[in-house]
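# Residue-level structural notes
Read off the chains here:
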Amino acid sequence: MGWGLRSLRPGPRRPAERPRSTRPAHKRGRACLRVPLAGADWPRRASLPAERGGAWGGAPMEVAAMGESRVVSRAEALELGPGWRHACHALLYAPCPGRLFGRVPLRHAVLMQMRFDGQLGFPGGFVDPRDSSLEAGLSRELREELGPGAAPLSLAEGDHLGARFAETPQRLVAHFYAKRLSLEQLRALEEGATKAADHGLEVLGLVRVPLYTLRDGVGGLPTFLSNSFVASARQQLLQALGALGLVPEAELRRADAVSRKGL
Ligand SMILES: O=c1[nH]cnc2c1ncn2[C@@H]1O[C@H](COP(=O)(O)OP(=O)(O)O)[C@@H](O)[C@H]1O
């Protein structure tokens, strides 16, 4: 499936087939956002700014693992109505002028995290009925997972890159945001993350994504991409790296292909 915008008609509802929850017991009972979002007085935006989200729907990166999911804007996702759960995750990045071994440009520092289930994902989580907006829910999750250092981050509608929704195994909209920080801000987040409520529980540690490919053609991004990623996190990473211009498209495609072929 390509990245193009698909019809919003979600099709007939299937019987619920919930997988056994891997969520920690203290969060399992938490209700998720099921309010009629189209009627909520959240701010809306007609479309994504071309320089931020334009490439989000257009890059023809392969998304085989996503099955029947579709890509939509924030506004379109909010039109989906009741019965949909919304989750928000964010890619935090900073320009990073350093060179590995004195010669390989690091390009940017991009943060992901090792989760409690052994998979890689982005900081964030389910939006809760108590959250006043998607971004308020995301900010709350970032504070839980990254600690008090995340409080001043204030992600906004303008940081929304795109959303992906799927009907199975549950009606879920996965919103994705990106925020550029200074390297000092990003380092402070990394240092403070061990003080987060979720540290050592849901979050085992932050990792930086290697954005380069080593001379052997395998080390760096291709090897990183062969890890296990939660839900759509791998696609979100590839899409965002391309859309934000953090890695050239040709290099991204090569790294994607090498990691799929087996190293
Ligand atoms: O990085 C990610 N990108 C996309 N989806 C994710 C990511 N991490 C988790 N998910 C999915 O988002 C939903 C919320 O999971 P998460 O573990 O973040 O929520 P929680 O922190 O509120 O418990 C789940 O369906 C999960 O599979």
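Attention in this report is confined to the structure presented alongside it. If you're wondering where the values come from, they're calculated on a predicted model, not measured in any experiment.

Reading the values: the criteria
Sequence order as written defines residue numbering, which begins from 1 separately in each chain. With the structure being a predicted model, the display of local features is reserved for residues of pLDDT at least 70 and the display and counting of side-chain atom pairs for 80 or more, all residues being used for whole-chain, interface and lining totals. To get the side-chain values, all heavy atoms of the structure are used, and hydrogens and water are removed first. For every residue, the accessible area obtained with a 1.4 Å probe (protein chains only) is divided by the maximum for its type, and the residue is called buried under 20%, exposed over 50%, and partly exposed between those limits. In this description a helix means any DSSP run of H or I spanning at least four residues, a strand means any run of E spanning at least two, and both kinds are numbered starting from the N terminus. Interaxial angle, 0 to 180 degrees, is taken between N-to-C directions of lines fitted to C-alpha atoms, where a helix line uses only the stretch in contact. Under this scheme an angle from 65 to 115 degrees is roughly perpendicular, one under 35 degrees roughly parallel, and one over 145 degrees roughly antiparallel; angles in between are oblique. Definitions for this section: a left-handed crossing has its near helix turned counterclockwise from the far helix by less than a right angle. A right-handed crossing has that turn clockwise. Here, two residues are considered to be in contact whenever any of their heavy atoms come within 4.5 Å of each other. Classification convention: Asp, Glu, Lys, Arg as charged; Ala, Val, Leu, Ile, Met, Phe, Trp, Tyr, Cys, Pro as nonpolar; all other residues, Gly among them, as polar. By convention in these notes, a residue is near a molecule or strand provided one of its non-hydrogen atoms lies within 4 Å of it. In protein, a polar contact requires one atom able to donate a hydrogen and another able to accept it; more generally it is a pair of N or O atoms within 3.5 Å, and residues adjacent in sequence count only if both atoms are side-chain atoms. Calculation of accessible area relied on Shrake-Rupley with a 1.4 Å probe; when residues are assessed, cover is drawn exclusively from the protein chains displayed.

A word on helix α7 (residues 233-243). Taking burial as the measure, the 11 residues of α7 include 11 buried ones, the bulk of the element. Buried within α7 we find Ala233, Arg234, Gln235, Gln236, Leu237, Leu238, Gln239, Ala240, Leu241, Gly242 and Ala243. Taken from the residues just after α7, Gly245 is the one with a positive phi, measuring 70 degrees.

Turning our attention to the packing of α7 against helix α8 (residues 249-261). At a minimum axis distance of 9 Å, the contact between α7 and α8 shows a crossing angle of 160 degrees. In terms of axis orientation, α7 runs roughly antiparallel to α8. Judged by the twist between their axes, the crossing of α7 over α8 is right-handed. Of α8, the residues touching α7 (which contributes Arg234, Leu238, Leu241 and Gly242) are Glu249, Leu252, Asp256, Ser259 and Arg260. By residue class, the composition of the contact of α7 with α8 is 3 nonpolar, 2 polar and 4 charged.

Near the ligand lie 20 residues; those nearest to it are His89, Arg115, Phe122, Phe126 and Gln236. At 2.8 Å, a backbone N or O of Phe122 approaches an oxygen atom of the ligand. For the ligand, a nitrogen atom lies 2.6 Å from a polar atom in the side chain of Gln236. In isolation the ligand has 550 Å² of accessible area, and contact with the protein removes 91% of it. Of all elements in the fold, only β2 (85-95), β7 (124-126), α4 (134-146) and α7 reach the threshold of two or more residues within the shell around the ligand. When residues in the shell around the ligand are grouped by element, the largest group, 3 residues, is from β7.

Along the chain, Glu145 falls in helix α4. Reaching out from Glu145, the side chain makes a polar contact with the side chain of Gln113 at a distance of 3.0 Å. The residues contacting Glu145, other than those within four sequence positions of it, are Gln113, Phe122, Pro123, Gly124, Ala193, Ala196, Asp198, Glu202 and Val203.

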